[in-house]
Structures are given as structure tokens and as C-alpha cells.
Amino acid sequence: MAAKSSRKEDILQALATMLETQPGARITTAKLAAEVGVSEAALYRHFPSKAKMFEGLIGFVEDAVFTRVSLIAKEEAGALQKISNILQLLLGFTEKNPGITRIFNGDALAGENARLRDRVVQFYERLETQIKQILREAELREGLRTQATAGATANLLIASAEGKISQFVRSDFRKLPTSGWDEQWPLLQQLVFR
């Protein structure tokens, strides 16, 4: 995460690494403390609960992704390029951060606080809303029309990306989410745009 990291960042990095290297395994605070090389009490000095540790990783992803999405939305490029860039950003980010991807797939949150799952739902809803907004603006500015409503189209595009992310997690990170995307994106464009 950062070149000179704090203990808090070390804990989050260890959690992300454990999520990547131990797919399907439940991460306990005891295992995490051993990975970081501290006591469980030391973990709780930095994070009051394991849920807060997961929230720290979710916050990292939200900051990283939405900072870039905001820049993409302001670019002079056309709507199709903006949407392509957002979806490629999402797929590329998950590919580079497999452990964190388990959180955004829901795999690592089984049995965890429902608030965490709600944050992930909000993350995808926020991306979908951004794409829907780009589609609405494109109709006005570029005359770009979709086969279905902007909302239904944005949902389909996010669902396609989520499917690729699910395959990545399900394959224990062997089936890369960006694999084949250069061929699939033009097909999606043909299906959803008039």
C-alpha cells in the first residue's frame, strides 16, 4: 500500500495477503496476529474488531477506484471509451489485488458482519450509477442510444464485470478477469447499443 507503512497498514496488507494465499479459509484474528508478528491485543489497538479491518480494505478499494473513476468521467473521451475505461479499471484492479477481490466477490465475507456486505453492495451500486450517468449524458451529447434503458444497460455491464470477477475468485485466481476482455467488450457494445 505505501512505501513506509504503519502497523495499521501492515495489518491490512497481511489480511489481504492471507485472503489471497488461503482461498476458502476463514481468517481469524489469531492467524492474522501470527502473520503480522504481533499479539491479538496489538491488533485490537489498531482496529477495534475484525469487521473494522475488512472495512479498512474496503475503504482502500473505494478510494483507489473512485478517485480514478472521477478522473475518467471528466475525460474528453466519448461515453463508450469512458465506460470501457471504468470496466477495465475494475477488472485490472481486482486482478492486481486478488485477496481484496475475495471481499468484493463476497467470498471472504461469509459469516462476517452484514454491514460489510452492504458496503460492497454500495460499491457496485455506485459504479453502476456512474455508468448510468455516462449513458444518459451520451444520449444527449452524442446521440448514443442503448437497446434498453440506461439503468438496465448499466446493470448488465456491471453484471458482466462481476461475472468475470467471480470466475477469478472461483478459479483460485487462475482465470484472470482481464482475459478475453478485449474481445468481449466489442461484443457487449454490439448487444447493448443501437
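Figured I'd write up the structure that's included with this text. (Residues numbered from 1 in each chain as written. Predicted model: local features only at pLDDT ≥ 70, side-chain atom pairs only at ≥ 80, totals over all residues. Heavy atoms only, no water.)

Quick look at the environment of Phe 168
Point 1. Tracing the sequence through the fold places Phe 168 in helix H8 (residues 150–170).
Point 2. A relative accessible area of 1% means that Phe 168 is categorised as buried.
Point 3. A sequence separation of 11 residues divides Phe 168 from Ser 179, and the C-alpha atoms of the two residues are 9.9 Å apart.
Point 4. Excluding anything up to four places from it in sequence, Phe 168 contacts Thr 94, Glu 95, Pro 98, Thr 101, Phe 173, Arg 174, Lys 175, Leu 176 and Pro 177. (Helix = DSSP H or I, 4+ residues; strand = E, 2+ residues; numbered from the N terminus. Buried < 20%, exposed > 50% of the residue type's maximum accessible area, 1.4 Å probe, protein only. Contact = heavy atoms within 4.5 Å.)

Focus: the packing of helix H4 (residues 50–74) against helix H7 (residues 114–142)
Point 1. Close contact between H4 and H7 brings their axes to 10 Å; oriented N to C, the two are set at 5 degrees. One way to sum up the angle between H4 and H7 is to call them roughly parallel. Mapping the contact onto sequence places Ala 51, Lys 52, Phe 54, Glu 55, Ile 58, Gly 59, Val 61, Glu 62, Val 65, Phe 66, Val 69 and Ala 73 in H4 and Arg 115, Leu 116, Arg 119, Val 120, Phe 123, Arg 126, Leu 127 and Gln 130 in H7.
Point 2. In terms of residue class, the contact of H4 with H7 is built from 12 nonpolar, two polar and six charged. (Axes fitted to C-alpha atoms, helices over the stretch in contact; angles between N-to-C directions. Parallel < 35°, antiparallel > 145°, perpendicular 65-115°, else oblique. Nonpolar A, V, L, I, M, F, W, Y, C, P; charged D, E, K, R; others polar.)

Description of the nonpolar core
Point 1. One finds Leu 32, Leu 87, Ile 103, Phe 104, Phe 123, Leu 127 and Ile 131 to be the most contacted residues of the largest nonpolar core, which totals 58 residues.
Point 2. Among the elements that take part in this core, H4 stands out by supplying 10 residues, more than any other.
Point 3. Those residues in contact with Phe 104, other than ones at most four positions away along the chain, are Ile 58, Val 61, Val 120, Phe 123 and Tyr 124. (Core = buried A, V, L, I, M, F, W, Y, C linked by side-chain atoms within 4.5 Å.)

Observations regarding helix H5 (residues 79–96)
Point 1. With 18 residues, H5 extends 26 Å from end C-alpha to end C-alpha; this agrees with the ideal 26 Å at 1.5 Å per step.
Point 2. Residues of H5 that are buried in the fold lie against H4, helix H6 (98–105), H7, H8 and helix H9 (181–192). (Expected span 1.5 Å × (residues − 1).)

What to know about the packing of helix H1 (residues 7–21) against helix H2 (residues 29–36)
Point 1. Here H1 crosses H2 at 115 degrees, and the two axes come no closer than 9 Å. It follows that H1 is roughly perpendicular to H2 by the angle criterion. For the element pair H1 and H2, the recorded crossing hand is right-handed. Across the interface between the two elements, Arg 7, Asp 10, Ile 11, Ala 14, Leu 15 and Met 18 of H1 pack against Lys 31, Leu 32, Glu 35 and Val 36 of H2.
Point 2. Residue composition of the contact of H1 with H2, by class: six nonpolar, no polar and four charged. (Left-handed = near helix turned anticlockwise from the far one by under 90°.)

Brief notes about the side chain of Lys 82
Point 1. Within the secondary structure, Lys 82 is located in helix H5.
Point 2. The side chain of Lys 82 sits in the buried core without any salt bridge; Glu 137 is the nearest counter-charge, 5.1 Å away.
Point 3. Reaching out from Lys 82, the side chain makes a polar contact with the backbone oxygen of Ala 73 at a distance of 3.0 Å.
Point 4. Among all residues touching Lys 82, those that are not within four sequence positions of it are Ile 72, Ala 73, Glu 75, Ala 77 and Ile 134. (Lys, Arg positive; Asp, Glu negative; His and termini not counted. Salt bridge = Lys/Arg side-chain N within 4 Å of Asp/Glu carboxyl O. Polar contact = N/O pair within 3.5 Å; in protein donor to acceptor, adjacent residues only side chain to side chain.)

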